[in-house]
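# A structural walkthrough
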Amino acid sequence: MSELRSPGILFSMPKRNCLLFVCSLKSLILLVILSPELLLLGTSLQLQDNAYDGLLFAIHPRVSEDQNLIPKIMGMITEASSYLFNATKQRVYFGNVKILLPDTWKSHNYSQAKRESYEKANIIIADWYKKRRDDPYTLQYRGCGEEGQYIHFTPNFLLNDNLTAIYGSRGRVFVHEWAHLRWGVFDEYNNEKPFYMAGHNQVKVTRCSSDLTGIFVCEKNTCTQENCIIHNLFKDGCMFIHNNTQKATASIMYMQSLSSVVEFCNTSTHNQEAPNLHNQLCSLRSTWDVVMDSADFRKSLPLANAPALPPPPTFSLLQTRDRVICLVLDVSGKMAEADRLLRLHQAAEFYLLQVVETHTYVGIVSFSSKGLIRALPRQIKNHKDRKQLSSALPTTLIANAGANICSGLQMGLQVIESLHGNAYGSAIILATNGEDGNISNCLSTMINSGSTIHTIALGPSVAENLEQLPTLTGGLKFFASDSASSNGLIDAFGRISSGTGDIFRQPVLLVSTGEIVDIHQHISRTVIMDGGVGNDTVFLVTWQTSGPPDIVLQDPGGKKYFTADFTTNLELRSSYLQIPETAKTGYWTCLLNNTHSSRQALRMAVSSQASDDAVPPVTVTAHVNKAEVHFPQPVIIYADVKQGFYPVLEANVTAVIEPEMGEPVRLELFDDGAGADIIKNDGIYSRYFFSFTVNGRYSVKVHVYQESHSRRLSNSIPGSHAMYVPGYIVNGNIRMNAPKKSAGDGGIQGQKWGFNRTTSGGSFSVLDAPTGPHLDVFPPCRIINLEAIRKEEEIILSWTAPGDDFDQGQAASYEIRMSKSLQKLREDFRNAIWVNISKLTPQPAGSRETFVFTPALWTKELQQQLDGEAGEGDSIYLAIRALDEASLKGPVSNIVQAALFVPRNTSSVTAREFLILKGVLTAVGLIATLCLMLFVAHCTFSRKKKSRKKNNRTKLL
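Computed from a predicted model, the values in this text were never measured in an experiment.

Reading guide: rules and limits
Residues numbered from 1 in each chain as written. Predicted model: local features only at pLDDT ≥ 70, side-chain atom pairs only at ≥ 80, totals over all residues. Heavy atoms only, no water. Helix = DSSP H or I, 4+ residues; strand = E, 2+ residues; numbered from the N terminus. Buried < 20%, exposed > 50% of the residue type's maximum accessible area, 1.4 Å probe, protein only. Contact = heavy atoms within 4.5 Å. Areas by Shrake-Rupley, 256 points an atom, 1.4 Å probe, with all protein chains shown as cover. Salt bridge = Lys/Arg side-chain N within 4 Å of Asp/Glu carboxyl O. Axes fitted to C-alpha atoms, helices over the stretch in contact; angles between N-to-C directions. Parallel < 35°, antiparallel > 145°, perpendicular 65-115°, else oblique. Nonpolar A, V, L, I, M, F, W, Y, C, P; charged D, E, K, R; others polar. pLDDT = per-residue confidence, 0-100. Disulfide = S-S within 2.5 Å. Pairing = 2+ DSSP bridges. Core = buried A, V, L, I, M, F, W, Y, C linked by side-chain atoms within 4.5 Å. Expected span 1.5 Å × (residues − 1). Patch = residues over 30% accessible without salt bridge, like charges linked within 9 Å, V, L, I, M, F, W, Y side chains within 5 Å. Left-handed = near helix turned anticlockwise from the far one by under 90°. Polar contact = N/O pair within 3.5 Å; in protein donor to acceptor, adjacent residues only side chain to side chain.

## As for the overall build of the chain
- Within the chain, the secondary structure is distributed over 19 helices and 54 strands.
- Per-residue burial for the chain yields a buried fraction of 54% across its 957 residues.
- The contacts of the chain with a sequence gap of at least 6 include a subset with a gap of at least 24, amounting to 75%.
- Of the accessible surface of the chain, which amounts to about 41,700 Å², a share of 52% is contributed by carbon and sulfur atoms.

Next up, the structure:
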């Protein structure tokens, strides 16, 4: 009988014949009830008693050591805590804050980091590539109300006090970014559409709240200060400058730098008309409404008898030390199935020879019914150390033995602790196919150990509660199917990095592929060695049966490498070739010919590291939005493609989703600002996936490819960011800040070669999927990029077509409705005025749709409907949704505004010019009248004076 101990209490585990899922659920509930602090150990940030504890800052290892950064961070958070406390009406503030210093900085008796790492940080401090930007921003690419990835500050932003004139105080900026990160709200300004038409053709500023005051000024030579309105639109170069002194108290998500702004826009102050990203993605809800709907505020009430200021934050300074890793590998009887042990050995050797970073300590443990130490921690200093460790990998299994996962994990902890006495900052890579239902026995031990556990599930029979280990210790989880052509194990090991964020010291997986090849047939693959990589390049070839294939590898210069040039291990059925020095840039071709007497699987993987210490290579990070889904919920697959921090645009990105049983599915991902992808051209490629053929685990793998001569980096900063304030009106005087710097490396980049990358996106689990045919339960996705443009007498609507099922297939029809009342259209779409769009047949998902209509040709009935609506001005509001063949309706789109009447320009004098001219003429007339009156008075006075003098002279005579 297995036991789980907690202070003073003894519990027996349920019998093994219970359902594994129910067992794991009960075990997890048990842990939460007994020791809720265990969950805090496994994760980082928690809201406890109105205070955020565990907020993690991390400084990039390539940031030069500067002790001034630490007090600047502390000062920012201290100010932010009070500002946040008041902005949330005494609900939340910052408690304990961790600052993780890199191992590249000198040690000053800082505390040792446990599970904290740069890649897990909530806030990162890092320089931009070429150090051209200081914009604080939040990487945010999920929907409204969804958490972002991280906040990014540059060292210069924290150290340069001159930037506070541009962005406002650092504490206020932090709260602006915190709202993006934690509560999933978006910016309330819009640099692309700074102005919009409202009411009776009035030009308004895209802002929240509308009570903020200022004046229009001209910044560029294309306009003059007196002529900023041309044909009722603002001319390029005109901008709105706010008064430095305001009365309005909102909004933090618009312009937190103003001293009067101390709260988020709420229902009464929110500007629903403003064409900003927040309105577009959050269905016109105010920022405060979204914040109040978050999990934080559903369980946190304002503090009773709250003081004016919250308790000050406390800070912990941490530093990473020697990295220690232990491979814990399953050698139980089931590892004989589908060559699992062989493929595990191949992948683990690839990890030791190529992936794990130099100076890392690595130990090895194998286990079946009990654990066995195969190698104590050995520091990797050179290739000899790598070979020595790989020779300790298990090659034989224990027949008829089951898998005791806890035994292997506990032995792994012993190996790690033999080095420094504790497991803080270490990692365990657990690879198993075991049906062990007793994982909960050692769950609390592993959580308290301080070690991060990454799991790799091999085959379909692994215990369902295996994923508790990475979930509660901050690790990654992977699934590798039994398909002979799958490279899932190599993909998983290739994804597990040090977590330091130093991509210059980490290998990049260029290609990972496999295929079943018939006898005397071959596969050929082209690998692009782009200019960003080339150091420590390794070509790995593995096969299914005895005897290697014929290998012909040709570099861009025409030099060929053959099978004899590779280092071959017949027992492990693997061959690898390490390219000496820096691999040549260009196209490498690899041909694998099956010389065996039957068809077999041939697999290939290529990895390389950065070739230039000053130019970051292109990297890809992939993941899914949910670890577990219940049918018919979809998952969203994301791939973040970037060079340094700059998004890479116009790449070809494909996800391969492989279930436990059955064929993999290929799905193209897009960065088009439609469907699952909420922001266009941010380097985040995404797509809905819902083709669940079976229940169980699914693995995700992403391939990225881009043609030569076409690499394009985004001109804009990814995610949401604090406004760059151009200037203020101070005591009636205009005070401008320095112009914003160019994005620098944006635009088309001259590249002689393209690139390709491969990465694992981890795994997710599916529950309740039907086993056979089922009714259509997937509606079209929401249209989020509806646009309306008035061109002469026509209104042009455009949007990206959704699919029959979310963003795939082809919808059956569209429903467009309009109203003069924004509120009515938002709250009662189905009863708004219907627009006849029956002649428009939806195109396939992802196509650009256009619909043009002319208000002048509207029917009398339609015009009467509009005239009967209560609304201000000469504008209408429109929204759209798609329907599929099963009459399932997608959500209502973002709402757009269109002008019904645009004044014609009947003369060369514009409306504003006419007003100016009228004012000038009026002034001239008034001055002339005044002058005439003064002249008449002067003449009258002169005549009287002369008459008096004449009388006086007469009297005198």
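## Let's talk about the pattern of salt bridges
- Under the defined criterion, the tally for this structure stands at 30 salt bridges.
- Arg182 is the partner of Asp296 in a salt bridge, and the nearest nitrogen-oxygen pair spans 2.8 Å. One end of the pair, Asp296, is in helix α10 (residues 295-298); the other, Arg182, is in helix α6 (residues 170-183), with 114 residues separating them in the sequence.
- For Asp296, a relative accessible area of 6% gives the class buried.
- The residue Arg697 makes a salt bridge to Glu467 at a minimum N-O spacing of 2.8 Å. Here Arg697, found in strand β41 (residues 696-706), pairs with Glu467, found in the loop between β23 (452-458) and α15 (468-473); they are 230 residues apart in sequence, far enough to count as distant.
- In this structure Glu467 comes out as buried when scored by relative accessible area, which is 11%.
- One connected set of salt bridges, linked through shared partners, spans Arg62, Glu357, Asp502, Arg505 and Asp613.

## Focus on the packing of helix α3 (residues 69-87) against α6
- For the pair α3 and α6, interaxial distance at closest approach is 8 Å and the crossing angle is 70°. On the basis of the axis angle, α3 is roughly perpendicular to α6. For the pair α3 and α6, the contacting residues are Lys72, Met76, Ile77, Glu79, Ala80, Tyr83 and Leu84 in the first and Arg170, Gly171, Arg172, Phe174, Val175, Trp178 and Trp183 in the second.
- Partitioned by chemical class, the residues of the contact of α3 with α6 number nine nonpolar, one polar and four charged.

## Re the environment of Lys824
- With respect to the helices, strands and loops of the structure, Lys824 is situated in helix α17 (residues 822-827).
- Distance in space between the C-alpha atoms of Lys824 and Glu869 is 9.8 Å, their sequence separation being 45 residues.
- In this structure Lys824 touches Ser819, Phe829, Asn831, Ala832 and Glu869, once residues within four positions along its chain are discounted.

## Regarding the confidence of the model for the chain
- Mean pLDDT for the chain: 87, with 85% of residues reaching 70 or above.
- Note on residues 903-921: pLDDT under 50 across the span, and twelve contacts to partners over four residues away in sequence or across chains.
- Every residue in residues 948-957 is under pLDDT 50, and counting partners more than four places away or in other chains gives one contact.

## Description of the state of the cysteines
- Taken as a whole and assessed by the stated rule, the structure comprises three disulfides.
- Residue pairing for Cys144: its cysteine sulfur links by disulfide to Cys282, the two sulfurs lying 2.1 Å apart. The sign of the 105° torsion about the S-S bond sets the Cys144-Cys282 disulfide as right-handed. Here the residue Cys144 occupies a position in the loop between β10 (137-139) and β11 (150-153), and Cys282 occupies one in the loop between α8 (277-281) and α9 (287-292), the gap between them amounting to 138 residues.
- In this structure Cys144 comes out as partly exposed when scored by relative accessible area, which is 25%.

## Regarding the pairing of strand β33 (residues 600-610)
- The element β33 is largely enclosed, with a buried count of eleven among its eleven residues.
- Where strand β25 (residues 508-517) lies against β33, nine bridges are found, and the strand directions are antiparallel. Paired with Leu509 across the strands is Ser607, a residue of β33.
- The pairing of strand β27 (residues 533-543) with β33 spans eight bridges and is antiparallel. Bridge pairing in β33 places Thr542 opposite Arg603.

## Observations regarding the nonpolar core
- Residues Leu55, Phe57, Phe153, Phe174, Trp178 and Trp183 are the most contacted members of the largest nonpolar core, which totals 69 residues.
- Tallying contributions element by element places α3 first for this core, with nine residues.
- Grouped together as the second largest cluster of nonpolar side chains are 56 residues, Ile637, Ala676, Phe755 and Phe806 included.

## A few points about the sheet that holds strand β44 (residues 727-730)
- Read across the sheet, four strands follow the order β14-β17-β44-β45 without closing on themselves; strand pairing throughout is mixed. Only two strands of the sheet have a single neighbouring strand rather than two, namely β14 (214-218) and β45 (733-736). Put simply, the sheet's adjacent strands are angled 35° from each other on average, direction ignored.
- The pairing of β14 with strand β17 (residues 238-243) spans five bridges and is antiparallel. Across the sheet, Gly214 pairs through a bridge with His242, a residue of β17.

## Some thoughts on the sheet that holds β27
- Strand order in the open sheet made by the five strands is β25-β33-β27-β31-β30, with antiparallel pairing throughout. The outermost strands of the open sheet, each flanked by one partner alone, are β25 and β30 (567-569). Going from strand to strand, the sheet's axes swing by 15° on average, the running direction of each strand aside.
- Against the sheet, helix α11 (residues 340-355) makes contact with β25, β27, β31 (574-578) and β33, and its axis sits at roughly 15° relative to β33, the strand it touches most.

## So, helix α13 (residues 405-420)
- Over its 16 residues, α13 runs 24 Å from end to end, which matches the ideal 22 Å to within 8%, given 1.5 Å per residue.
- Regarding α13, the residues found buried are Ile405, Cys406, Ser407, Gly408, Leu409, Met411, Gly412, Leu413, Val415 and Ile416.
- Downstream of α13 by a residue or two, Gly421 has a phi angle that is positive, lying close to 90°.

## Here we look at a nonpolar patch on the surface
- Together, Ile215, Ile734 and Met736 line one region of the surface with nonpolar side chains, adding up to about 230 Å² of accessible area.
- Overall, the relative accessible area of 37% leaves Ile215 in the partly exposed class.

## Some points on the packing of α11 against helix α16 (residues 488-495)
- Viewed as axis vectors pointing N to C, α11 and α16 meet at an angle of 30°, and their least axial separation amounts to 9 Å. With respect to α16, the axis of α11 lies roughly parallel. For the pair α11 and α16, the crossing hand works out as right-handed. Residues Arg343, Leu344, Ala347, Ala348, Phe350, Tyr351 and Val355 of α11 pack against Leu489, Ile490, Phe493 and Gly494 of α16.
- Taken together, the residues of the contact of α11 with α16 sort by class into nine nonpolar, one polar and one charged.

## Focus: the side chain of Ser798
- Note that Ser798 resides in strand β49 (residues 794-800).
- For Ser798, a relative accessible area of 12% gives the class buried.
- Of note is the side chain of Ser798, whose polar atom sits 3.3 Å from the side chain of Arg848.
- Once residues lying within four places of it in the same chain are set aside, the contact partners of Ser798 are Asn785, Leu786, Glu787, Arg848, Glu849 and Thr850.

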